[in-house]
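Descriptive analysis of the structure
Here is what each chain is made of, one letter per residue.
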Protein chains: 2
Amino acid sequence: MTFTAEQKRLAAQEAYNGGLAHCPARQLLETISSKWVTLVMLALADGPQRHSELRRQIPGASQKMLTSTLRALERDGLVSRLVTVSVPVRTDYELTPRGHSLLGVLIGLKDWAEENMDGVAHARMEYDRHRLEFGE
Amino acid sequence: MTFTAEQKRLAAQEAYNGGLAHCPARQLLETISSKWVTLVMLALADGPQRHSELRRQIPGASQKMLTSTLRALERDGLVSRLVTVSVPVRTDYELTPRGHSLLGVLIGLKDWAEENMDGVAHARMEYDRHRLEFGE
DNA sequence: CTGTATCCTCTAAGATACTG
DNA sequence: CAGTATCTTAGAGGATACAG
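Residues numbered from 1 in each chain as written. Chains lettered and ligands numbered in written order. Predicted model: local features only at pLDDT ≥ 70, side-chain atom pairs only at ≥ 80, totals over all residues. Heavy atoms only, no water.

**Thoughts on a nonpolar patch on the surface**
On the surface, Val83(A), Val85(A) and Val89(A) cluster together into a nonpolar patch covering about 290 Å² of accessible area. Relative accessible area serves as the criterion here: at 77%, Val85(A) is assigned to the exposed category. (Patch = residues over 30% accessible without salt bridge, like charges linked within 9 Å, V, L, I, M, F, W, Y side chains within 5 Å. Areas by Shrake-Rupley, 256 points an atom, 1.4 Å probe, with all protein chains shown as cover. Salt bridge = Lys/Arg side-chain N within 4 Å of Asp/Glu carboxyl O. Buried < 20%, exposed > 50% of the residue type's maximum accessible area, 1.4 Å probe, protein only.)

The following block contains the structure:
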(Lines give C-alpha, C1' and ligand atoms only; values in the text may rest on other atoms or scores of the structure.)
Protein backbone atom coordinates (compact mmCIF):
# COMPACT_ATOMS: atom_id res chain seq x y z
CA MET A 1 0.00 0.00 0.00
CA THR A 2 1.25 3.45 -0.89
CA PHE A 3 0.40 6.92 0.35
CA THR A 4 -0.14 10.23 -1.34
CA ALA A 5 1.92 13.22 -0.25
CA GLU A 6 -1.21 14.61 1.35
CA GLN A 7 -1.71 11.51 3.44
CA LYS A 8 1.90 11.59 4.58
CA ARG A 9 1.57 15.23 5.58
CA LEU A 10 -1.58 14.53 7.55
CA ALA A 11 0.05 11.60 9.29
CA ALA A 12 3.03 13.76 10.21
CA GLN A 13 0.69 16.43 11.56
CA GLU A 14 -1.20 13.93 13.61
CA ALA A 15 1.96 12.43 15.08
CA TYR A 16 3.20 15.92 15.80
CA ASN A 17 0.03 16.98 17.52
CA GLY A 18 -0.07 13.79 19.46
CA GLY A 19 3.42 14.60 20.65
CA LEU A 20 2.39 18.13 21.49
CA ALA A 21 -0.36 16.90 23.72
CA HIS A 22 2.26 15.18 25.86
CA CYS A 23 4.70 18.06 25.91
CA PRO A 24 4.93 19.17 29.54
CA ALA A 25 5.33 22.84 28.69
CA ARG A 26 2.22 22.81 26.51
CA GLN A 27 0.24 21.14 29.26
CA LEU A 28 1.38 23.74 31.73
CA LEU A 29 0.38 26.54 29.41
CA GLU A 30 -3.02 25.00 28.98
CA THR A 31 -3.43 24.89 32.73
CA ILE A 32 -2.33 28.38 33.57
CA SER A 33 -4.01 30.04 30.63
CA SER A 34 -7.39 29.03 31.88
CA LYS A 35 -8.89 32.41 32.59
CA TRP A 36 -9.05 32.29 36.38
CA VAL A 37 -6.27 30.03 37.61
CA THR A 38 -3.68 32.74 38.07
CA LEU A 39 -6.07 34.96 39.94
CA VAL A 40 -7.18 32.13 42.19
CA MET A 41 -3.62 31.11 42.92
CA LEU A 42 -2.65 34.68 43.66
CA ALA A 43 -5.60 35.01 45.97
CA LEU A 44 -4.40 31.91 47.81
CA ALA A 45 -0.84 33.17 48.03
CA ASP A 46 -1.27 34.57 51.54
CA GLY A 47 -2.98 31.55 53.01
CA PRO A 48 -6.15 29.45 52.93
CA GLN A 49 -9.38 31.01 51.80
CA ARG A 50 -12.96 29.94 51.91
CA HIS A 51 -15.00 29.58 48.76
CA SER A 52 -17.01 32.66 49.60
CA GLU A 53 -13.89 34.68 50.35
CA LEU A 54 -12.51 33.80 46.96
CA ARG A 55 -15.74 34.88 45.35
CA ARG A 56 -15.43 38.24 47.02
CA GLN A 57 -11.81 38.63 46.02
CA ILE A 58 -12.43 37.67 42.41
CA PRO A 59 -15.82 39.20 41.65
CA GLY A 60 -15.37 38.72 37.91
CA ALA A 61 -15.57 34.95 38.14
CA SER A 62 -18.97 33.33 37.96
CA GLN A 63 -19.67 30.73 40.59
CA LYS A 64 -19.45 27.98 38.02
CA MET A 65 -16.05 29.12 36.78
CA LEU A 66 -14.67 29.57 40.27
CA THR A 67 -15.72 26.07 41.27
CA SER A 68 -14.47 24.51 38.08
CA THR A 69 -11.06 26.17 38.19
CA LEU A 70 -10.73 25.17 41.85
CA ARG A 71 -11.61 21.60 40.88
CA ALA A 72 -9.03 21.62 38.12
CA LEU A 73 -6.36 22.96 40.45
CA GLU A 74 -7.25 20.37 43.04
CA ARG A 75 -7.08 17.62 40.46
CA ASP A 76 -3.63 18.78 39.43
CA GLY A 77 -2.45 18.73 43.03
CA LEU A 78 -1.87 22.48 43.08
CA VAL A 79 -4.60 23.31 45.56
CA SER A 80 -6.01 21.27 48.41
CA ARG A 81 -9.62 21.33 49.51
CA LEU A 82 -10.80 20.90 53.07
CA VAL A 83 -14.49 20.45 53.71
CA THR A 84 -15.84 20.99 57.19
CA VAL A 85 -19.16 19.23 57.54
CA SER A 86 -21.45 21.55 59.42
CA VAL A 87 -24.51 23.61 58.73
CA PRO A 88 -23.88 25.43 56.59
CA VAL A 89 -20.96 23.63 55.01
CA ARG A 90 -17.54 25.28 55.11
CA THR A 91 -14.84 24.74 52.53
CA ASP A 92 -11.28 25.96 52.66
CA TYR A 93 -8.83 26.01 49.82
CA GLU A 94 -5.07 26.17 50.18
CA LEU A 95 -2.05 26.01 47.91
CA THR A 96 -0.12 22.75 48.07
CA PRO A 97 3.70 22.84 48.04
CA ARG A 98 3.61 22.27 44.31
CA GLY A 99 1.08 25.06 44.04
CA HIS A 100 3.42 27.40 45.87
CA SER A 101 6.23 26.38 43.58
CA LEU A 102 4.12 27.17 40.53
CA LEU A 103 3.11 30.46 42.08
CA GLY A 104 6.77 31.43 42.03
CA VAL A 105 6.94 30.87 38.30
CA LEU A 106 3.75 32.83 37.80
CA ILE A 107 5.20 35.74 39.70
CA GLY A 108 8.19 35.64 37.37
CA LEU A 109 5.76 35.89 34.49
CA LYS A 110 3.99 38.76 36.16
CA ASP A 111 7.24 40.63 36.70
CA TRP A 112 8.24 40.29 33.06
CA ALA A 113 4.78 41.43 32.04
CA GLU A 114 4.87 44.50 34.24
CA GLU A 115 8.24 45.46 32.86
CA ASN A 116 7.50 44.81 29.23
CA MET A 117 3.84 44.97 28.36
CA ASP A 118 3.90 48.74 28.06
CA GLY A 119 6.48 48.32 25.33
CA VAL A 120 4.34 45.67 23.72
CA ALA A 121 1.30 47.91 23.82
CA HIS A 122 3.33 50.66 22.23
CA ALA A 123 4.57 48.33 19.50
CA ARG A 124 1.00 47.32 18.82
CA MET A 125 -0.09 50.93 18.38
CA GLU A 126 2.80 51.65 16.03
CA TYR A 127 2.02 48.58 14.01
CA ASP A 128 -1.66 49.45 13.71
CA ARG A 129 -0.88 53.07 12.87
CA HIS A 130 1.40 52.08 10.00
CA ARG A 131 -1.19 49.68 8.71
CA LEU A 132 -3.72 52.49 8.59
CA GLU A 133 -1.39 55.06 7.06
CA PHE A 134 0.04 52.95 4.29
CA GLY A 135 -3.12 51.08 3.57
CA GLU A 136 -2.57 47.44 2.71
CA MET B 1 -31.83 57.16 40.58
CA THR B 2 -31.19 54.04 42.60
CA PHE B 3 -29.76 50.65 41.79
CA THR B 4 -30.72 47.14 42.69
CA ALA B 5 -28.18 44.87 44.33
CA GLU B 6 -28.06 42.94 41.10
CA GLN B 7 -27.16 46.03 39.12
CA LYS B 8 -24.44 46.90 41.56
CA ARG B 9 -22.99 43.43 41.36
CA LEU B 10 -22.97 43.52 37.59
CA ALA B 11 -21.32 46.91 37.57
CA ALA B 12 -18.65 45.64 39.94
CA GLN B 13 -18.06 42.65 37.71
CA GLU B 14 -17.81 44.82 34.66
CA ALA B 15 -15.34 47.17 36.30
CA TYR B 16 -13.34 44.20 37.48
CA ASN B 17 -13.23 42.61 34.07
CA GLY B 18 -12.38 45.91 32.49
CA GLY B 19 -9.47 46.10 34.91
CA LEU B 20 -8.49 42.56 34.06
CA ALA B 21 -8.25 43.41 30.40
CA HIS B 22 -5.59 45.96 31.26
CA CYS B 23 -3.68 43.74 33.63
CA PRO B 24 -0.25 43.21 32.06
CA ALA B 25 0.09 39.64 33.33
CA ARG B 26 -3.28 38.67 31.87
CA GLN B 27 -2.33 40.18 28.54
CA LEU B 28 0.91 38.27 28.53
CA LEU B 29 -0.89 35.03 29.29
CA GLU B 30 -3.28 35.66 26.46
CA THR B 31 -0.36 36.16 24.12
CA ILE B 32 1.69 33.16 25.05
CA SER B 33 -1.22 30.81 25.45
CA SER B 34 -2.08 31.14 21.82
CA LYS B 35 -1.41 27.62 20.65
CA TRP B 36 1.64 28.19 18.46
CA VAL B 37 3.52 31.18 19.84
CA THR B 38 5.81 29.23 22.13
CA LEU B 39 6.70 26.77 19.41
CA VAL B 40 7.39 29.54 16.93
CA MET B 41 9.52 31.43 19.40
CA LEU B 42 11.44 28.31 20.30
CA ALA B 43 12.01 27.61 16.62
CA LEU B 44 13.41 31.11 16.25
CA ALA B 45 15.65 30.74 19.28
CA ASP B 46 18.70 29.74 17.25
CA GLY B 47 18.40 32.43 14.63
CA PRO B 48 16.27 33.73 11.76
CA GLN B 49 14.07 31.33 9.85
CA ARG B 50 12.15 31.55 6.63
CA HIS B 51 8.42 31.02 6.55
CA SER B 52 8.86 27.67 4.81
CA GLU B 53 11.51 26.58 7.30
CA LEU B 54 9.15 27.30 10.14
CA ARG B 55 6.44 25.29 8.44
CA ARG B 56 8.79 22.36 8.24
CA GLN B 57 9.84 22.69 11.87
CA ILE B 58 6.28 23.01 13.13
CA PRO B 59 4.31 20.64 10.92
CA GLY B 60 1.31 20.73 13.21
CA ALA B 61 0.51 24.34 12.42
CA SER B 62 -1.71 25.08 9.46
CA GLN B 63 -0.45 27.78 7.16
CA LYS B 64 -3.12 30.12 8.32
CA MET B 65 -2.23 29.66 11.96
CA LEU B 66 1.48 30.01 11.33
CA THR B 67 0.99 33.26 9.47
CA SER B 68 -1.42 34.66 11.99
CA THR B 69 0.74 33.86 15.01
CA LEU B 70 3.74 35.36 13.22
CA ARG B 71 1.68 38.48 12.53
CA ALA B 72 0.62 38.69 16.14
CA LEU B 73 4.20 38.32 17.33
CA GLU B 74 5.35 40.95 14.87
CA ARG B 75 2.62 43.31 16.02
CA ASP B 76 3.74 42.86 19.61
CA GLY B 77 7.33 43.64 18.68
CA LEU B 78 8.52 40.17 19.64
CA VAL B 79 9.46 39.08 16.15
CA SER B 80 10.67 41.09 13.18
CA ARG B 81 9.82 40.32 9.59
CA LEU B 82 12.14 40.93 6.69
CA VAL B 83 10.75 40.59 3.18
CA THR B 84 13.17 40.23 0.27
CA VAL B 85 11.44 41.19 -2.94
CA SER B 86 12.44 38.64 -5.54
CA VAL B 87 10.83 35.86 -7.49
CA PRO B 88 9.76 33.99 -5.59
CA VAL B 89 9.42 36.20 -2.56
CA ARG B 90 11.57 35.42 0.49
CA THR B 91 10.57 36.24 4.05
CA ASP B 92 12.72 35.88 7.13
CA TYR B 93 11.54 36.04 10.69
CA GLU B 94 13.74 36.79 13.67
CA LEU B 95 13.30 37.35 17.39
CA THR B 96 13.64 40.95 18.49
CA PRO B 97 15.52 41.76 21.71
CA ARG B 98 12.21 41.82 23.54
CA GLY B 99 11.39 38.50 21.94
CA HIS B 100 14.62 37.02 23.24
CA SER B 101 13.84 38.38 26.67
CA LEU B 102 10.43 36.73 26.63
CA LEU B 103 11.99 33.53 25.40
CA GLY B 104 14.00 33.44 28.61
CA VAL B 105 10.81 33.54 30.66
CA LEU B 106 9.28 30.82 28.51
CA ILE B 107 12.27 28.61 29.10
CA GLY B 108 11.79 29.10 32.83
CA LEU B 109 8.22 27.93 32.36
CA LYS B 110 9.41 24.96 30.36
CA ASP B 111 11.89 23.98 33.06
CA TRP B 112 9.25 24.07 35.75
CA ALA B 113 6.96 22.02 33.54
CA GLU B 114 9.57 19.39 32.85
CA GLU B 115 10.30 19.05 36.54
CA ASN B 116 6.73 19.03 37.76
CA MET B 117 4.24 17.92 35.16
CA ASP B 118 4.90 14.27 35.85
CA GLY B 119 3.79 14.89 39.39
CA VAL B 120 0.75 16.75 38.12
CA ALA B 121 -0.14 13.89 35.79
CA HIS B 122 0.16 11.50 38.70
CA ALA B 123 -2.05 13.69 40.88
CA ARG B 124 -4.63 13.75 38.12
CA MET B 125 -4.69 9.97 37.90
CA GLU B 126 -5.05 9.62 41.65
CA TYR B 127 -7.85 12.15 41.68
CA ASP B 128 -9.73 10.42 38.88
CA ARG B 129 -9.20 7.01 40.41
CA HIS B 130 -10.69 8.11 43.72
CA ARG B 131 -13.62 9.65 41.95
CA LEU B 132 -14.33 6.36 40.24
CA GLU B 133 -13.87 4.23 43.32
CA PHE B 134 -15.98 6.20 45.71
CA GLY B 135 -18.60 7.17 43.20
CA GLU B 136 -19.98 10.67 43.78
C1' DC C 1 -22.70 28.23 52.08
C1' DT C 2 -21.08 25.36 48.50
C1' DG C 3 -21.97 23.23 44.66
C1' DT C 4 -24.40 20.94 40.38
C1' DA C 5 -27.16 20.95 36.00
C1' DT C 6 -28.66 23.33 31.72
C1' DC C 7 -28.55 26.11 28.18
C1' DC C 8 -26.37 29.60 25.32
C1' DT C 9 -22.83 32.44 23.10
C1' DC C 10 -18.64 33.61 21.11
C1' DT C 11 -14.31 32.87 19.29
C1' DA C 12 -9.73 30.36 18.60
C1' DA C 13 -8.32 27.06 15.66
C1' DG C 14 -8.63 24.32 11.54
C1' DA C 15 -9.93 22.93 6.49
C1' DT C 16 -9.97 24.52 1.98
C1' DA C 17 -9.35 27.16 -1.96
C1' DC C 18 -7.46 30.99 -4.18
C1' DT C 19 -3.74 35.06 -5.51
C1' DG C 20 0.62 37.83 -6.50
C1' DC D 1 7.09 30.99 -1.77
C1' DA D 2 4.22 33.66 1.08
C1' DG D 3 -0.10 35.13 2.07
C1' DT D 4 -5.31 36.08 2.03
C1' DA D 5 -10.35 34.94 2.14
C1' DT D 6 -14.20 31.96 3.65
C1' DC D 7 -16.52 28.53 6.04
C1' DT D 8 -16.95 25.34 9.77
C1' DT D 9 -16.49 23.47 14.33
C1' DA D 10 -15.30 22.33 19.13
C1' DG D 11 -15.06 23.92 23.47
C1' DA D 12 -14.15 27.61 27.02
C1' DG D 13 -16.66 30.71 29.37
C1' DG D 14 -20.96 32.63 31.15
C1' DA D 15 -26.19 33.19 32.82
C1' DT D 16 -29.55 31.08 35.39
C1' DA D 17 -32.00 28.00 38.23
C1' DC D 18 -31.94 24.52 41.47
C1' DA D 19 -30.20 21.28 45.59
C1' DG D 20 -27.92 19.32 49.82
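Next, the rest of the story.
**Observations concerning the pattern of salt bridges**
In the structure shown here, the tally under the stated rule is 10 salt bridges over all chains. Linking Asp128(B) and Arg75(A) is a salt bridge whose minimum nitrogen-to-oxygen distance equals 2.4 Å. With Asp128(B) in helix α6 (residues 97-133) and Arg75(A) in helix α5 (residues 63-75), the pair connects residues from two separate chains. Of the charged contacts, one joins Arg129(A) and Glu126(A) as a salt bridge, the two residues approaching to 3.3 Å between their closest N and O atoms. Separated by three residues within a single helix, Arg129(A) and Glu126(A) lie in helix α6 (residues 97-133), roughly one turn from each other. By relative accessible area, Glu126(A) is classed as partly exposed at 31%. (Helix = DSSP H or I, 4+ residues; strand = E, 2+ residues; numbered from the N terminus.)

**So, unusual backbone geometry**
The phi torsion of most residues other than glycine is negative, and most of the peptide bonds are trans. That bond from Val87(A) to Pro88(A) is cis: its omega, -5°, falls within 30 degrees of zero. Secondary-structure assignment places Pro88(A) in the loop between β2 (79-84) and β3 (90-95).

**Re the sheet that holds β3(A)**
All names here are of chain A. One open sheet accounts for three strands, arranged β1-β3-β2; its pairing is antiparallel. One side of each edge strand has no neighbouring strand; the edge strands of this open sheet are β1 (49-50) and β2. Its contacts with the sheet put α5 on β2 and β3, and the angle it makes with β2 is roughly 115°. (Pairing = 2+ DSSP bridges. Contact = heavy atoms within 4.5 Å. Axes fitted to C-alpha atoms, helices over the stretch in contact; angles between N-to-C directions.)

Interpretation in functional terms is not warranted from these geometric data alone.
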